[in-house]
Amino acid sequence: MKKKELLQGNEAAVRGALNAGCNFFAGYPITPSSEIVHGMARLLPKFGGVFVQMEDEIASISAAIGASMVGAIAMTATSGPGFSLMQESIGYAAMTESPLVIINVMRAGPSTGIPTAPSQGDVMQARYGSHGDYPIIVLAPASVGDMYRLTIDAFKLAFEYSSPVVVLSDEVVGHMRESVSLPPLGEKVECKGKVKNLFERKHRTGLAHLENGLPTTDLGEYRRLIERLFSKFDDLKPGVKFEGQKDAEVVLISYGSSYRLSKSAAKLLLRNGISTGVLKLETLFPFPEGEVRKFSKSAELVIVPEMNRGQLVKEVERVCCCRVKGVSYYGSLILPEELAKIVEVLL
Amino acid sequence: MKYAEYLRQDALPTLWCPGCLNGVVLASFIRAMRKSKIDRERTVVVSGIGCSGRMSQYLDLFTVHTTHGRALAFATGIKLANPSLNVIVFMGDGDALAIGGNHFIHACRRNIDLTAIVINNRLYGMTGGQAAPTTPEGEITRTSPYGNVERPFDLVKLAISAGATYVARFTAYHVRWLEKSIADAIMHKGFSVIEVVTGCPTHQKKKPADILEFLKSNFKRSDASFEEIRPSDIGVFKKEIRPEFCEKVWGLIL
Ligand SMILES: Cc1ncc(C[n+]2csc(CCOP(=O)(O)OP(=O)(O)O)c2C)c(N)n1
């Protein structure tokens, strides 16, 4: 029986991870993600898992990848500055096809920024932060319930695609408390797919390599490897949700805490006689091009509200034929009334 | 002695320069593996990036070639997730002490049951002979063209101070002692560090025979106490039993 509880986003992520069978966590505390570290430290040993506080984020993600290579269901969690430190190893995990979940609870930046203020400034870093060409899955929760559900999905996808998966949360979602009814702690979800761990692969390297794991500098082989890494995701079904009027005049495309703002703004716009739809992106990358195109096909105006200088809006612009406008705000969400007013002016 | 059974034939020949002493370390490790009789199917070799980091790919064992400086962090995850594995880590001196210095001291502090073999050629081999944290003062390298102005680390003293429980130094000349020490270190429960002093014929522009001659005549077996250890002393300087990290972590699991 599910009962109502008042739960924080970060706590829900811990529950999601544990119910997904996560049995290895390595991390380093940083606001606003520390509650995940605290929760894992307290609960993992009770569920047969290993918690370790490493000396920094580079060590944390490296340890988690190492654990994953010998069959552990591994995760790490951090925020902006720590996420930046992890980038080299995110590329390494993609190259070695190591299943791994990385939660980044975004905070205001650049640099140390405002540690306690929310932001959505790491969207492009989540996709392109490591050097070179590599694909990655990025999911964006918009609520406490999403933190639970998408953390579980992240593990499922990590194993299904043998890949690192980033759960890109933000301070609002991570710290907010909501009344939710989630499956209780300990209600296991099966998500261990077929993973080729070290004992099947023999040698792992971040160098360009052949099927047998050995390094190669043959450009044909390198090309084949990169193509294969990308094409793994061809069949991935992105998580999107559309609400509102079909063929709406205005479509708000958003993710994370901005999605909640969009929903409230859409209601106001509807009241003012403007037909509006809201497209929620739960999968940010691989970017759901088809879905964005489909749901904005007949729109006159697409609005992408973001708590940053305009990041995902560029992806949306790339695939939409109509007018696309980004709405930026910093360090906190704006009021739905303000967003509605901006939309009306732009229309 | 058959080395072939431990080598990946499909990975040979090695990319090391002619006369490179990494091959001597590899051979010593293989002899030590046989000597220690540890289960090969439960052995994982982890390495960093550099010439020394290529050690893993030639071994017919479960092997991981990681990122520069992070080999010990990866190895910590591997060992913690599955403490029944024997985990051996190969690093270069730059790998272990410059970029990986933080991970190195923390692995010592935790006393996690890993064997770290640091190949100290006193420079950066793979990137073309630049100064390392082990380069002697005054030495000329690509990045110290007027002579190195930095003070080098003594790996042995650093490891002992940080808490490693088995600490030894040998050279690529003293292979019998080295091989025995590697075998001991693998059997030792706790964090063991073996520094292997080598050289780099390519970047030091020395004949391999001259490097061996240098190692032979300059490095002397010693059982000096901590205060007295000199950089040219070789031997086993620390062997102690202290609670091991994985046992403590797994001890928390109900
Ligand atoms: C993050 C990062 N920085 C720098 C490098 C370039 N790099 C490769 S190997 C190396 C140093 C190698 O020296 P050492 O660790 O002493 O090993 P050796 O090659 O001498 O065996 C450096 C700086 C890298 N690969 N990654």
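Up top you'll find the structure we're talking about.
Here the structure is a predicted model, which means the values were calculated and not measured.

Tell me about the interface of chain A and chain B, and name the residues and values.
The interface of chain A with chain B comprises 36 residues on the first partner and 36 residues on the second. Of the roughly 2,900 Å² buried between chain A and chain B on both sides combined, carbon and sulfur atoms contribute 67%. Broken down residue by residue, the surface that chain A buries against chain B is led by A:Glu55, A:Phe199 and A:Lys202, which jointly contribute 21%. If you look at where chain A meets chain B, you find two salt bridges. The salt bridge partner of A:Lys202 is B:Asp60, with a shortest N-O separation of 3.5 Å. In this structure, the connection of chain A to chain B is made through eleven residue pairs in polar contact (both at pLDDT 80 or more). Put simply, the parts of the chain that give the side of chain A that touches chain B at least two residues each are strand 3 (50-53), helix 3 (57-69), helix 4 (80-96), helix 8 (198-201) and strand 10 (203-205) of chain A. Residue composition of the side of chain A that touches chain B, grouped by class: 20 nonpolar, ten polar and six charged. Bridge count between strand 10 of chain A and strand 2 (residues 62-65) of chain B: three bridges; the pairing is parallel. In the sheet register, A:Thr205 faces strand 2 of chain B, and the bridge partner there is B:His65.

Tell me about the sheet that holds strand 5 (residues 166-171) of chain B, and name the residues and values.
The nine strands lie next to each other as 10(A)-2(B)-1(B)-3(B)-4(B)-6(B)-5(B)-8(B)-7(B), forming an open sheet whose pairing is mixed. Either end of the sheet is taken by a strand with one partner, and the two such strands are strand 10 of chain A together with strand 7 (220-221) of chain B.

Pulling in residues and values, what's your account of the site of the ligand?
Taken together, 17 residues surround the ligand, and among them B:Cys51, B:Ser52, B:Asp95, B:Asn121 and B:Gly125 come closest. Proximal residues around the ligand fall on chains A and B, making this an inter-chain site. One nitrogen or oxygen atom from the main chain of B:Cys51 is found 2.7 Å from an oxygen atom belonging to the ligand. For the ligand, an oxygen atom lies 2.7 Å from a polar atom in the backbone of B:Asp95. With four residues, the top contributor of residues to the shell around the ligand is helix 4 (residues 93-99) of chain B.

A description of the nonpolar core should follow, citing residues and the corresponding values.
Residues A:Phe24, A:Leu284, B:Phe104 and B:Phe191 are the most contacted members of the largest nonpolar core, which totals 92 residues. Per-element tally for this core: the top contributor is helix 3 (residues 71-81) of chain B, with eight residues. Contact partners of A:Leu284, with chain neighbours within four places excluded, come to A:Val123, A:Val138, A:Ala140, A:Leu168, A:Tyr255 and A:Leu312. A:Ile36, A:Leu43, A:Tyr148 and A:Val180 belong to the second-largest nonpolar core, a separate cluster that totals 43 residues.

Could you give me a rundown of the pattern of salt bridges, with the residues and numbers involved?
Side chains that differ in sign of charge can pair as their charged atoms come close. Inspection of the entire model under this criterion finds 32 salt bridges over all chains. Between B:Arg8 and B:Asp10 there is a salt bridge, and its shortest N-O distance comes to 3.0 Å. B:Arg8 gets classed as buried once you look at its relative accessible area, which sits at 9%. A single salt-bridge network, built from bridges that share partners, covers A:Lys202, B:Glu5, B:Arg34, B:Arg40 and B:Asp60.

The rules behind the values
Residues numbered from 1 in each chain as written. Chains lettered and ligands numbered in written order. Predicted model: local features only at pLDDT ≥ 70, side-chain atom pairs only at ≥ 80, totals over all residues. Heavy atoms only, no water. Contact = heavy atoms within 4.5 Å. Buried area = accessible area lost by both parts, 1.4 Å probe. Salt bridge = Lys/Arg side-chain N within 4 Å of Asp/Glu carboxyl O. Polar contact = N/O pair within 3.5 Å; in protein donor to acceptor, adjacent residues only side chain to side chain. Helix = DSSP H or I, 4+ residues; strand = E, 2+ residues; numbered from the N terminus. Nonpolar A, V, L, I, M, F, W, Y, C, P; charged D, E, K, R; others polar. Pairing = 2+ DSSP bridges. Near = heavy atom within 4 Å. Core = buried A, V, L, I, M, F, W, Y, C linked by side-chain atoms within 4.5 Å. Buried < 20%, exposed > 50% of the residue type's maximum accessible area, 1.4 Å probe, protein only.

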